[in-house]
Amino acid sequence: MITPRHQLESIPPYIPGLSTQEVMNRFNLSSVIKLASNENPLGCPVPPHIFADAIRSAHQYPHYTTGLIDQLAQHHQVSPHQLILGNGSDEILQLIALSTLNPSDSVLTALQTFSEYRFSAALAGAPCYEIPLRNYQYDVPALLQALNPTTKLMYIANPNNPTGTILNRYDIETLMNRIPPSVLVVFDQAYDAYVTDPHWMPLSDLLAYPNVVVTRTFSKLYGLAACRIGYAISSPSIIQLIQKARSPFNVNSLALIAAQYALTQTQFVQDSLAMNQAGLRYLTSELTQRGMLVIPSQANFVCVKMGPTAKQVTQMLLERGIIIRHLASFGYPDFIRITIGSLPQLQSFVLELDTILSAHPLQG
Ligand SMILES: Cc1ncc(COP(=O)(O)O)c(C=O)c1O
(Lines give C-alpha, C1' and ligand atoms only; values in the text may rest on other atoms or scores of the structure.)
Protein backbone atom coordinates (compact mmCIF):
# COMPACT_ATOMS: atom_id res chain seq x y z
CA MET A 1 0.00 0.00 0.00
CA ILE A 2 1.27 3.49 -0.80
CA THR A 3 1.03 5.79 2.18
CA PRO A 4 1.39 9.61 2.20
CA ARG A 5 4.28 11.42 3.86
CA HIS A 6 3.41 11.25 7.54
CA GLN A 7 3.19 15.06 7.90
CA LEU A 8 0.31 14.98 5.41
CA GLU A 9 -1.64 12.18 7.08
CA SER A 10 -3.46 14.45 9.51
CA ILE A 11 -4.29 17.07 6.88
CA PRO A 12 -7.85 16.69 5.58
CA PRO A 13 -8.17 17.36 1.84
CA TYR A 14 -9.54 20.81 1.05
CA ILE A 15 -13.25 20.42 0.35
CA PRO A 16 -14.65 23.46 -1.44
CA GLY A 17 -18.29 24.38 -0.87
CA LEU A 18 -20.87 23.43 -3.49
CA SER A 19 -20.85 25.51 -6.66
CA THR A 20 -23.87 27.54 -7.71
CA GLN A 21 -24.69 24.96 -10.40
CA GLU A 22 -24.41 22.02 -7.98
CA VAL A 23 -26.80 23.72 -5.54
CA MET A 24 -29.29 24.47 -8.35
CA ASN A 25 -29.22 20.84 -9.50
CA ARG A 26 -29.34 19.29 -6.04
CA PHE A 27 -32.26 21.36 -4.73
CA ASN A 28 -34.02 21.96 -8.02
CA LEU A 29 -33.65 25.74 -7.86
CA SER A 30 -33.69 28.22 -10.73
CA SER A 31 -31.36 30.71 -9.05
CA VAL A 32 -28.77 30.66 -6.31
CA ILE A 33 -26.90 33.39 -4.41
CA LYS A 34 -23.36 32.50 -3.42
CA LEU A 35 -22.06 34.35 -0.37
CA ALA A 36 -19.51 31.74 0.67
CA SER A 37 -16.15 32.44 -0.97
CA ASN A 38 -15.63 36.20 -0.62
CA GLU A 39 -15.82 36.77 -4.37
CA ASN A 40 -16.62 40.16 -5.91
CA PRO A 41 -20.40 40.57 -6.41
CA LEU A 42 -19.74 42.96 -9.32
CA GLY A 43 -18.23 40.08 -11.29
CA CYS A 44 -15.17 40.08 -13.51
CA PRO A 45 -13.99 43.48 -14.81
CA VAL A 46 -12.21 42.00 -17.84
CA PRO A 47 -14.27 41.96 -21.08
CA PRO A 48 -14.33 38.74 -23.15
CA HIS A 49 -12.36 40.27 -26.06
CA ILE A 50 -9.31 40.67 -23.80
CA PHE A 51 -9.42 36.95 -23.00
CA ALA A 52 -10.00 36.20 -26.69
CA ASP A 53 -6.81 38.08 -27.62
CA ALA A 54 -4.88 36.07 -25.04
CA ILE A 55 -6.28 32.78 -26.36
CA ARG A 56 -4.81 33.52 -29.80
CA SER A 57 -1.31 33.07 -28.37
CA ALA A 58 -2.22 30.11 -26.17
CA HIS A 59 0.28 27.93 -28.07
CA GLN A 60 3.15 29.93 -26.54
CA TYR A 61 4.42 29.68 -22.98
CA PRO A 62 3.42 32.65 -20.83
CA HIS A 63 5.74 35.66 -20.55
CA TYR A 64 6.23 35.66 -16.82
CA THR A 65 8.87 38.35 -16.45
CA THR A 66 7.34 41.14 -18.50
CA GLY A 67 4.10 43.06 -18.25
CA LEU A 68 2.35 42.36 -14.99
CA ILE A 69 5.49 42.42 -12.82
CA ASP A 70 6.48 45.87 -14.16
CA GLN A 71 2.94 47.15 -13.79
CA LEU A 72 2.74 45.93 -10.18
CA ALA A 73 6.16 47.43 -9.45
CA GLN A 74 4.86 50.81 -10.60
CA HIS A 75 1.56 50.38 -8.81
CA HIS A 76 3.29 49.69 -5.48
CA GLN A 77 6.37 51.88 -6.06
CA VAL A 78 8.75 48.95 -5.60
CA SER A 79 11.41 47.33 -7.79
CA PRO A 80 10.38 44.43 -10.08
CA HIS A 81 12.95 42.39 -8.11
CA GLN A 82 10.71 42.74 -5.07
CA LEU A 83 7.84 40.82 -6.69
CA ILE A 84 6.95 37.20 -7.40
CA LEU A 85 3.74 35.98 -9.06
CA GLY A 86 1.78 32.86 -8.14
CA ASN A 87 -1.06 30.68 -9.30
CA GLY A 88 -3.28 32.40 -6.72
CA SER A 89 -1.79 33.70 -3.49
CA ASP A 90 -2.37 30.15 -2.22
CA GLU A 91 0.58 29.04 -4.31
CA ILE A 92 2.76 31.86 -2.99
CA LEU A 93 1.97 30.84 0.59
CA GLN A 94 3.14 27.32 -0.27
CA LEU A 95 6.26 28.51 -2.12
CA ILE A 96 7.28 30.51 0.95
CA ALA A 97 7.07 27.38 3.11
CA LEU A 98 8.76 25.14 0.53
CA SER A 99 11.65 27.56 0.02
CA THR A 100 12.39 28.26 3.69
CA LEU A 101 11.46 25.33 5.93
CA ASN A 102 13.55 22.36 6.97
CA PRO A 103 11.79 19.57 8.89
CA SER A 104 13.55 20.80 12.05
CA ASP A 105 11.98 24.27 11.66
CA SER A 106 8.48 25.22 12.75
CA VAL A 107 5.66 27.58 11.80
CA LEU A 108 3.50 29.79 13.99
CA THR A 109 0.05 31.06 13.10
CA ALA A 110 -3.41 31.42 14.62
CA LEU A 111 -5.88 28.62 15.29
CA GLN A 112 -8.97 30.25 13.77
CA THR A 113 -7.53 31.39 10.47
CA PHE A 114 -7.01 30.45 6.83
CA SER A 115 -6.15 26.74 6.58
CA GLU A 116 -3.53 27.20 3.85
CA TYR A 117 -0.84 28.08 6.43
CA ARG A 118 -1.22 24.74 8.21
CA PHE A 119 -1.28 22.98 4.85
CA SER A 120 1.85 24.79 3.58
CA ALA A 121 3.78 23.82 6.71
CA ALA A 122 2.69 20.19 6.32
CA LEU A 123 3.70 20.21 2.64
CA ALA A 124 7.16 21.36 3.67
CA GLY A 125 7.25 18.71 6.40
CA ALA A 126 7.48 21.16 9.31
CA PRO A 127 5.26 21.36 12.41
CA CYS A 128 2.77 24.21 12.68
CA TYR A 129 1.75 25.67 16.04
CA GLU A 130 -1.61 27.42 16.14
CA ILE A 131 -2.33 30.07 18.76
CA PRO A 132 -6.01 30.76 19.60
CA LEU A 133 -7.33 34.20 18.68
CA ARG A 134 -8.03 36.64 21.51
CA ASN A 135 -11.11 38.84 21.08
CA TYR A 136 -11.34 37.39 17.56
CA GLN A 137 -7.89 38.82 16.67
CA TYR A 138 -4.39 37.40 16.32
CA ASP A 139 -2.98 37.41 19.88
CA VAL A 140 0.38 39.23 19.56
CA PRO A 141 1.64 38.63 23.14
CA ALA A 142 0.75 34.92 22.89
CA LEU A 143 2.46 34.63 19.49
CA LEU A 144 5.60 36.25 20.91
CA GLN A 145 5.47 33.92 23.89
CA ALA A 146 5.17 30.89 21.59
CA LEU A 147 8.34 31.75 19.64
CA ASN A 148 11.10 29.21 20.15
CA PRO A 149 14.48 28.50 18.51
CA THR A 150 12.81 26.33 15.83
CA THR A 151 10.38 29.07 14.68
CA LYS A 152 11.23 30.03 11.09
CA LEU A 153 7.96 31.31 9.65
CA MET A 154 4.93 33.15 10.98
CA TYR A 155 1.76 33.46 8.89
CA ILE A 156 -0.63 36.30 9.70
CA ALA A 157 -3.85 36.84 7.78
CA ASN A 158 -4.37 40.59 7.92
CA PRO A 159 -7.36 41.10 7.73
CA ASN A 160 -8.04 37.68 9.18
CA ASN A 161 -10.27 35.16 7.47
CA PRO A 162 -12.84 34.31 8.93
CA THR A 163 -13.13 37.09 11.55
CA GLY A 164 -12.41 40.17 9.37
CA THR A 165 -10.29 41.68 12.17
CA ILE A 166 -6.90 43.33 11.68
CA LEU A 167 -3.64 43.86 13.47
CA ASN A 168 -3.18 47.63 13.32
CA ARG A 169 0.13 49.46 13.00
CA TYR A 170 0.71 49.46 16.78
CA ASP A 171 0.11 45.71 17.05
CA ILE A 172 2.49 45.13 14.15
CA GLU A 173 5.15 47.39 15.66
CA THR A 174 4.90 45.46 18.95
CA LEU A 175 5.26 42.17 17.08
CA MET A 176 8.03 43.17 14.70
CA ASN A 177 10.12 44.96 17.31
CA ARG A 178 10.31 41.80 19.41
CA ILE A 179 10.57 39.11 16.80
CA PRO A 180 14.06 37.81 15.92
CA PRO A 181 15.23 38.72 12.39
CA SER A 182 15.63 34.98 11.69
CA VAL A 183 11.82 34.59 11.65
CA LEU A 184 10.15 35.45 8.34
CA VAL A 185 6.73 37.03 8.93
CA VAL A 186 4.19 36.59 6.15
CA PHE A 187 1.37 39.12 6.11
CA ASP A 188 -1.35 37.60 3.94
CA GLN A 189 -3.26 40.64 2.70
CA ALA A 190 -5.89 39.00 0.50
CA TYR A 191 -8.42 41.56 1.83
CA ASP A 192 -6.23 44.64 2.40
CA ALA A 193 -8.12 46.82 -0.08
CA TYR A 194 -11.30 46.70 1.99
CA VAL A 195 -9.67 48.04 5.17
CA THR A 196 -10.92 51.43 6.37
CA ASP A 197 -9.31 51.51 9.84
CA PRO A 198 -7.14 54.68 10.01
CA HIS A 199 -4.52 52.80 12.03
CA TRP A 200 -3.81 50.32 9.23
CA MET A 201 -0.07 50.04 8.51
CA PRO A 202 0.70 51.10 4.94
CA LEU A 203 2.65 48.73 2.69
CA SER A 204 5.79 50.91 2.59
CA ASP A 205 6.06 50.85 6.40
CA LEU A 206 5.52 47.11 6.51
CA LEU A 207 8.19 46.49 3.87
CA ALA A 208 10.69 48.50 5.90
CA TYR A 209 11.08 45.39 8.10
CA PRO A 210 13.67 43.16 6.39
CA ASN A 211 12.00 39.91 7.50
CA VAL A 212 8.51 40.61 6.10
CA VAL A 213 6.72 39.23 3.04
CA VAL A 214 3.34 40.60 1.98
CA THR A 215 1.02 38.50 -0.18
CA ARG A 216 -1.84 39.89 -2.26
CA THR A 217 -4.41 38.44 -4.65
CA PHE A 218 -6.49 39.35 -7.68
CA SER A 219 -9.23 36.95 -6.52
CA LYS A 220 -11.23 39.33 -4.33
CA LEU A 221 -11.37 43.05 -5.15
CA TYR A 222 -10.22 42.52 -8.76
CA GLY A 223 -12.83 39.84 -9.47
CA LEU A 224 -10.45 37.25 -10.95
CA ALA A 225 -10.79 34.26 -8.59
CA ALA A 226 -11.08 31.78 -11.48
CA CYS A 227 -7.89 33.04 -13.15
CA ARG A 228 -5.76 32.09 -10.12
CA ILE A 229 -3.34 34.94 -9.77
CA GLY A 230 -1.64 36.42 -6.73
CA TYR A 231 1.74 37.87 -5.82
CA ALA A 232 4.17 38.58 -3.01
CA ILE A 233 6.25 41.66 -2.24
CA SER A 234 9.41 41.62 -0.13
CA SER A 235 13.10 42.45 -0.36
CA PRO A 236 14.90 41.30 -3.54
CA SER A 237 16.88 38.74 -1.51
CA ILE A 238 13.79 37.13 0.04
CA ILE A 239 11.99 37.12 -3.32
CA GLN A 240 15.04 35.43 -4.89
CA LEU A 241 14.87 32.80 -2.18
CA ILE A 242 11.14 32.12 -2.77
CA GLN A 243 11.82 31.92 -6.53
CA LYS A 244 13.86 28.75 -5.83
CA ALA A 245 10.64 26.78 -5.23
CA ARG A 246 8.66 28.22 -8.17
CA SER A 247 8.08 26.06 -11.23
CA PRO A 248 8.97 27.79 -14.53
CA PHE A 249 5.53 28.71 -15.92
CA ASN A 250 3.40 28.75 -12.79
CA VAL A 251 1.08 31.55 -13.95
CA ASN A 252 -0.89 31.20 -17.17
CA SER A 253 -1.17 33.82 -19.94
CA LEU A 254 -4.88 34.46 -19.47
CA ALA A 255 -4.35 35.24 -15.79
CA LEU A 256 -1.42 37.56 -16.58
CA ILE A 257 -3.36 39.51 -19.18
CA ALA A 258 -6.54 39.68 -17.11
CA ALA A 259 -4.63 40.95 -14.06
CA GLN A 260 -2.91 43.64 -16.12
CA TYR A 261 -6.27 44.82 -17.40
CA ALA A 262 -7.98 44.65 -13.98
CA LEU A 263 -5.25 46.72 -12.38
CA THR A 264 -6.20 49.67 -14.60
CA GLN A 265 -9.93 49.51 -13.75
CA THR A 266 -10.10 52.23 -11.10
CA GLN A 267 -13.84 52.82 -11.48
CA PHE A 268 -14.55 49.11 -10.97
CA VAL A 269 -12.38 49.19 -7.85
CA GLN A 270 -14.19 52.27 -6.48
CA ASP A 271 -17.61 50.77 -7.20
CA SER A 272 -16.62 47.50 -5.55
CA LEU A 273 -15.39 49.24 -2.41
CA ALA A 274 -18.50 51.44 -2.20
CA MET A 275 -20.75 48.40 -2.61
CA ASN A 276 -18.80 46.60 0.10
CA GLN A 277 -19.14 49.47 2.57
CA ALA A 278 -22.89 49.77 1.96
CA GLY A 279 -23.34 46.00 2.28
CA LEU A 280 -21.27 45.78 5.45
CA ARG A 281 -23.34 48.52 7.08
CA TYR A 282 -26.62 46.94 6.00
CA LEU A 283 -25.80 43.39 7.07
CA THR A 284 -24.16 44.38 10.36
CA SER A 285 -27.20 46.44 11.29
CA GLU A 286 -29.79 43.83 10.23
CA LEU A 287 -28.11 40.94 12.05
CA THR A 288 -27.32 42.98 15.16
CA GLN A 289 -31.01 43.98 15.34
CA ARG A 290 -31.84 40.27 15.37
CA GLY A 291 -29.68 39.76 18.46
CA MET A 292 -26.65 38.18 16.77
CA LEU A 293 -23.05 39.06 17.55
CA VAL A 294 -21.48 40.48 14.36
CA ILE A 295 -17.71 40.86 14.63
CA PRO A 296 -16.81 44.30 13.21
CA SER A 297 -15.24 43.52 9.84
CA GLN A 298 -12.50 45.22 7.82
CA ALA A 299 -12.99 42.83 4.90
CA ASN A 300 -15.62 41.79 2.35
CA PHE A 301 -17.36 39.33 4.68
CA VAL A 302 -18.76 39.22 8.18
CA CYS A 303 -18.34 36.59 10.86
CA VAL A 304 -21.50 36.13 12.90
CA LYS A 305 -22.17 34.21 16.11
CA MET A 306 -25.38 32.35 15.54
CA GLY A 307 -25.24 29.76 18.32
CA PRO A 308 -25.71 25.98 18.28
CA THR A 309 -28.05 26.05 15.27
CA ALA A 310 -25.41 27.62 12.97
CA LYS A 311 -24.86 24.40 11.00
CA GLN A 312 -28.57 23.69 10.64
CA VAL A 313 -29.36 27.26 9.54
CA THR A 314 -26.52 27.11 6.96
CA GLN A 315 -28.02 23.91 5.54
CA MET A 316 -31.55 25.33 5.45
CA LEU A 317 -30.31 28.44 3.66
CA LEU A 318 -28.53 26.20 1.14
CA GLU A 319 -31.76 24.37 0.40
CA ARG A 320 -33.35 27.77 -0.27
CA GLY A 321 -30.56 28.77 -2.66
CA ILE A 322 -28.34 30.89 -0.39
CA ILE A 323 -24.80 29.59 0.06
CA ILE A 324 -22.93 30.84 3.13
CA ARG A 325 -20.06 29.32 5.12
CA HIS A 326 -20.48 27.47 8.41
CA LEU A 327 -17.25 27.93 10.37
CA ALA A 328 -16.81 24.56 12.13
CA SER A 329 -13.67 23.84 10.09
CA PHE A 330 -12.19 27.12 11.34
CA GLY A 331 -12.81 26.06 14.96
CA TYR A 332 -16.00 28.14 15.31
CA PRO A 333 -18.96 25.70 15.20
CA ASP A 334 -21.40 28.38 16.43
CA PHE A 335 -20.44 30.88 13.74
CA ILE A 336 -21.20 31.57 10.10
CA ARG A 337 -19.38 33.74 7.54
CA ILE A 338 -21.29 35.71 4.95
CA THR A 339 -19.65 37.39 1.96
CA ILE A 340 -20.78 40.97 1.37
CA GLY A 341 -22.77 40.58 -1.83
CA SER A 342 -24.81 43.23 -3.61
CA LEU A 343 -27.61 44.86 -1.62
CA PRO A 344 -30.37 42.81 -3.34
CA GLN A 345 -28.41 39.61 -2.62
CA LEU A 346 -28.03 40.54 1.03
CA GLN A 347 -31.71 41.48 1.26
CA SER A 348 -32.63 38.04 -0.10
CA PHE A 349 -30.32 36.45 2.47
CA VAL A 350 -31.99 38.38 5.33
CA LEU A 351 -35.46 37.49 4.02
CA GLU A 352 -34.68 33.77 3.85
CA LEU A 353 -32.96 33.89 7.22
CA ASP A 354 -36.05 35.47 8.79
CA THR A 355 -38.26 32.74 7.35
CA ILE A 356 -35.97 30.08 8.81
CA LEU A 357 -35.63 31.80 12.18
CA SER A 358 -39.38 32.23 12.56
CA ALA A 359 -39.68 28.41 12.51
CA HIS A 360 -36.37 27.70 14.30
CA PRO A 361 -35.57 30.53 16.76
CA LEU A 362 -31.95 31.07 17.78
CA GLN A 363 -30.80 29.25 20.92
CA GLY A 364 -28.31 30.29 23.58
C1 LIG B 1 -6.78 34.98 3.89
C2 LIG B 1 -6.73 34.42 2.51
N3 LIG B 1 -5.54 34.33 1.90
C4 LIG B 1 -5.42 33.83 0.66
C5 LIG B 1 -6.53 33.39 -0.03
C6 LIG B 1 -6.32 32.73 -1.36
O7 LIG B 1 -6.50 33.56 -2.39
P8 LIG B 1 -6.12 33.12 -3.87
O9 LIG B 1 -7.40 33.00 -4.60
O10 LIG B 1 -5.26 34.24 -4.36
O11 LIG B 1 -5.36 31.84 -3.82
C12 LIG B 1 -7.79 33.47 0.55
C13 LIG B 1 -8.97 32.98 -0.18
O14 LIG B 1 -10.05 32.87 0.28
C15 LIG B 1 -7.89 33.99 1.86
O16 LIG B 1 -9.07 34.07 2.49
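From a predicted model like this one, the values you see are computed outputs, not experimental measurements. (Residues numbered from 1 in each chain as written. Predicted model: local features only at pLDDT ≥ 70, side-chain atom pairs only at ≥ 80, totals over all residues. Heavy atoms only, no water.)

> Tell me about empty space enclosed by the protein, residues and numbers included.
According to the stated counting rule, one finds 1 cavity of 30 Å³ or more in the structure shown. In this structure, the largest cavity spans a volume of roughly 50 Å³. In this structure, the largest cavity is lined by Glu39, Asn40, Pro41, Tyr194, Ser272, Met275, Asn276, Asn300 and Ile340. (1 Å grid on protein atoms, 1.4 Å probe; cavity = no way out; pocket = protein on both sides within 12 Å on 5 of 7 lines; lining within 4 Å. Points joined across faces, edges and corners; volume = space filled by probe spheres on them.)

> Explain the domain arrangement of the protein to me, and be specific about the residues and the numbers.
Split into domains, the protein comes out as domain 1 (6-43 + 266-359) and domain 2 (48-262). Inter-centroid distance (C-alpha atoms) of domain 1 to domain 2 is 24 Å. Taken together, the contact pairs 28 residues of domain 1 with 30 residues of domain 2. Contact between domain 1 and domain 2 buries roughly 2,400 Å² in total, counting both sides, with carbon and sulfur atoms accounting for 63%. In terms of surface lost to domain 2, no three residues of domain 1 exceed Gln298, Phe330 and Tyr332, which account for 28% of the buried area on that side. In this structure, the connection of domain 1 to domain 2 is made through 0 salt bridges. The tally of links between domain 1 and domain 2 comes to 7 residue pairs in polar contact (both at pLDDT 80 or more). (Domains from an automatic or database assignment. Contact = heavy atoms within 4.5 Å. Buried area = accessible area lost by both parts, 1.4 Å probe. Salt bridge = Lys/Arg side-chain N within 4 Å of Asp/Glu carboxyl O. Polar contact = N/O pair within 3.5 Å; in protein donor to acceptor, adjacent residues only side chain to side chain.)

> Residue-level account of helix H12 (residues 266-289), with values.
With 24 residues, H12 should reach 34 Å at 1.5 Å per residue; the first-to-last C-alpha distance of 35 Å fits that figure. For H12, every residue scored as buried is listed here: Phe268, Val269, Ser272, Asn276, Gly279, Leu280, Tyr282, Leu283, Glu286 and Leu287. Count one or two residues on from H12 and you reach Gly291, which has phi positive near 85 degrees. (Helix = DSSP H or I, 4+ residues; strand = E, 2+ residues; numbered from the N terminus. Expected span 1.5 Å × (residues − 1). Buried < 20%, exposed > 50% of the residue type's maximum accessible area, 1.4 Å probe, protein only.)

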